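Structural description and commentary
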Amino acid sequence: MFEKEQQLIEGKIKAYCVANDIALAELKWQPIPFSGEWGTSTSFFQTAANEARAGKGDKVPVPQRAQEIAEQVRAEIGSVGGVSHIEAVKGYINVYYKTSDYAQRVVDEVLASRTDFGRGDSKNERVMVEYAQPNTHHSFHIGHYRNTILGEVLARLTEFAGFDTIRASYPGDIGLGVITVMWAYDKFYRGQEPEGIHERGQWLLKLYVEATQLLEKKDGETPEQAAKREAHDAERREMYQKWDAGDEYVRELWKTTREWSLEELRDVLDMIDVKMDVWFYESDVDEPSKSIVEELIEKNIADDERPEGGAVIVKIDEKLGLTKEKYRTNVILRRDGTTLYLTKDLALAKEKFEKYQVDRSIYVVDVRQSLHLQQAFAILKLWGFPQAEKCYHLGYGFVSLPEGAMSARRGRVVLFKNVYDEAIKRVLAVESERSGNIPEAERESIAKQIGLGALAYSMLAVDNNKDIVFDMNEALSFDGRTGPYIQNAHVRANSILKKSQVEGQTPELGPATFDFELTKHEVELIEHISRFPNAVQQAANEYRPLVMAAYAYDLANTFHSFYHAVPVLQSEDENIRNARLRLVSASKQVIANALRLLDIQAPDVM
RNA sequence: GCCCCUGUAGCUCAAUGGAUAGAGCGCCAGCCUUCUAAGCUGUCGGUUGUGGGUUCGAAUCCCGCCAGGGGCGCCA
């Protein structure tokens, strides 16, 4: 925002140092921590330290010498347009901007750009974010939700930051787990089908639990029980073989039940406003991945141990020439010729690189699969894909329950849909208590926005590499550092604007200047707003939704304080009233932009 | 055995080499005839697991140790 002024000052500092034989170290500018006003600062510690190391400076302590330089430089700079004053403190030089200029620039820019405020310039680079990879024939649980919201927000961030972004889902639609459900369905429930997308999807999970009970070896089982269990297992294996061979009946059964799961998944994604660009299915890459195995053997990357009754493996460390074990060795084809997760991931990566021309490939996957993905990336490198360098595993800690890990086998899972329903129920209860002014018809829709806002934020406000113990009361809390807190700031801003009869009535907010004495609340609000574009870039570059989550809260917090302390509509001076209205409008816009990046709705009333 | 992650206020978490380590929850005390109290203001609360090292400066980087979690050739 003040790049020109900063550059001018930097130039003067450099000139002064050259003239006075001071070996200036690189200048790093950063905002001044606390201020009733705002500005930017840089320090001279590094320069002083360099001098001390070179034996200059007569053994003056570094902080003292840094302060000396800061004072000398300060005297030299003189006055700069747009800058109110410059001070030398504790080895830092603080440049304070002229309040009115700064405020005006920030607010005007937001109001000119609106929904595009904070959008980065195009980076001419294509990013694919792969997330939402639940298995079919299960049901979408709260762990899948964490994955999906993280991936979606990351995609929104990279897109807004200037990357060409592709969203990709990769459901696991085949495997022993899938066959297990099909077997149970075919044997015990053939022809049945519950009403309702979610009921039907969740029913498949129940079948899985039931089937697992029947197929699991139990302590002290009688020979008859054991025989029965083994017979069941044989049926299941037979079904898998039939699927593999393309048996018409089994394939049809698979397609039908698979579609039930995918319908449920699509509906969940729709509920949380996620629109996928590309759908990859595990079953689609099964065949292509087999030819990849042959290619890797030919290229002497993979070793074929099948002649000795083994599998096809890749000795990754050895092929990379590493002496210490890092990636180890892994199997890419079973001895029976069937593929593995790793095999399919290689085929998928090839398609991403060749068909979709992605420059960066981000995998939002549980941190427990870290070694596995590192192995995949290493093999891609051996294979000759330069993009392997830009494959990135965004790992996240797993979501467990207060009573322990979630376990689909034991039926101990918290389903997303149940949390969603509970969230709406709780918000509606609060609404009936506090929001008497909202028409009955609108309440349901707002309850969805608030409930999902609480849930999304509870996931996003924790660093992705930390595990989460899912607690319904915490996840659906509406007080304090939560989604609804941020949404409420948006609502309050809207409330002022609505009452001012500015928005909606006239297209333009009244003109205003900020050359009156601003309160510290206004100053802080403006500063936070001005930081938004940087927060977008940082969050996207570091692949960290948390950065944006933290930013959104801080902005809302600043707005709430402003709202409480500074009258807007009651301002007697017309210029001040207009200036504050412009500030409120800008605040509302930036809060909305931040919430949008977090996949959280910004309601006008709540 | 090897590798990865985590350890910060009573609890849940921020702070990725800079100024006095910050929020929320909880506790306590204030604030609604005044733009929505899902809010605001204030109080209390810290040897950043531990011992060294690097640096002008370390929660942050390096090494050791302790504690918890996860992973390691035919599951995904």
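First things first, this report covers the structure right here in the doc. No experiment lies behind these values; they were computed from the predicted model shown.

To continue, consider the nonpolar core. Counting residues in each nonpolar core, the largest one holds 132 residues, and the members touching the most others are I142, Y145, F416, F470, I529, F532 and M548. In terms of residue count, the dominant contributor to this core is helix 20 (residues 574–597) (11 residues). If sequence neighbours within four positions are ignored, F532 has contacts with F117, G118, F160, M548, Y551, V590, N593, A594 and L597. Counting residues in hydrophobic clusters, the runner-up holds 38 residues, among them M128, A168, V278 and L373.

A full pass over the atoms with the stated rule returns one cavity of 30 Å³ or more. If you add up the space inside the largest cavity, you get close to 90 Å³. Surrounding the largest cavity, P134, N135, T136, H138, S139, F140, H144, P171, S261, L262, E264 and L265 form its lining. Sorting elements by how many residues they give to the lining of the largest cavity places helix 9 (residues 248–271) first, with four residues. Looking at the lining of the largest cavity residue by residue, the class counts come to five nonpolar, six polar and one charged.

Let's shift gears to unusual backbone geometry. Phi is positive for N124, close to 50°, though the residue is something other than glycine. For N124, the location among the structural elements is in the loop between helix 4 (99–113) and strand 5 (126–130). For Q357, which is not a glycine, the phi torsion comes out positive at approximately 55°. For Q357, the location among the structural elements is in the loop between helix 12 (341–354) and strand 11 (360–366).

The subject of this paragraph is the pairing of strand 5. Strand 5 sits mainly inside the fold: four of its five residues count as buried. Sheet topology note: the strand 5/strand 6 (residues 164–169) ladder contains five bridges and is parallel. Note that in strand 6 the partner of V127 across the bridge is T165. One ladder, built from four bridges, connects strand 5 with strand 11; its direction is parallel. From the neighbouring strand, V127 faces strand 11, where its bridge partner is R360.

Let us now look at the environment of I379. As for its position among the elements, I379 is in helix 13 (residues 370–383). Residue classification places I379 among the buried positions, given a relative accessible area of 0%. Note: C-alpha distance between I379 and R492 (113 residues apart in sequence) is 53 Å.

In this section: the protein's contact with RNA strand B. Around RNA strand B, the surrounding shell holds 63 residues, and the nearest of these are Y92, R334, H372, R492 and S495. Elements that contribute at least two residues to the surface near RNA strand B include exactly helix 2 (45–53), strand 4 (92–97), strand 10 (329–333), helix 13, helix 14 (416–434), helix 17 (483–500) and helix 19 (545–565). Residues belonging to the surface near RNA strand B are distributed by class as follows: 29 nonpolar, 17 polar and 17 charged.

Relative to the elements of secondary structure, T148 occurs in helix 5 (residues 142–161). Here T148 is in contact with Y131, A132, F140, L269, I272 and V274, once residues within four sequence places are set aside.

Conventions and cut-offs
Residues numbered from 1 in each chain as written. Chains lettered and ligands numbered in written order. Predicted model: local features only at pLDDT ≥ 70, side-chain atom pairs only at ≥ 80, totals over all residues. Heavy atoms only, no water. Core = buried A, V, L, I, M, F, W, Y, C linked by side-chain atoms within 4.5 Å. Buried < 20%, exposed > 50% of the residue type's maximum accessible area, 1.4 Å probe, protein only. Helix = DSSP H or I, 4+ residues; strand = E, 2+ residues; numbered from the N terminus. Contact = heavy atoms within 4.5 Å. 1 Å grid on protein atoms, 1.4 Å probe; cavity = no way out; pocket = protein on both sides within 12 Å on 5 of 7 lines; lining within 4 Å. Points joined across faces, edges and corners; volume = space filled by probe spheres on them. Nonpolar A, V, L, I, M, F, W, Y, C, P; charged D, E, K, R; others polar. Pairing = 2+ DSSP bridges. Near = heavy atom within 4 Å.

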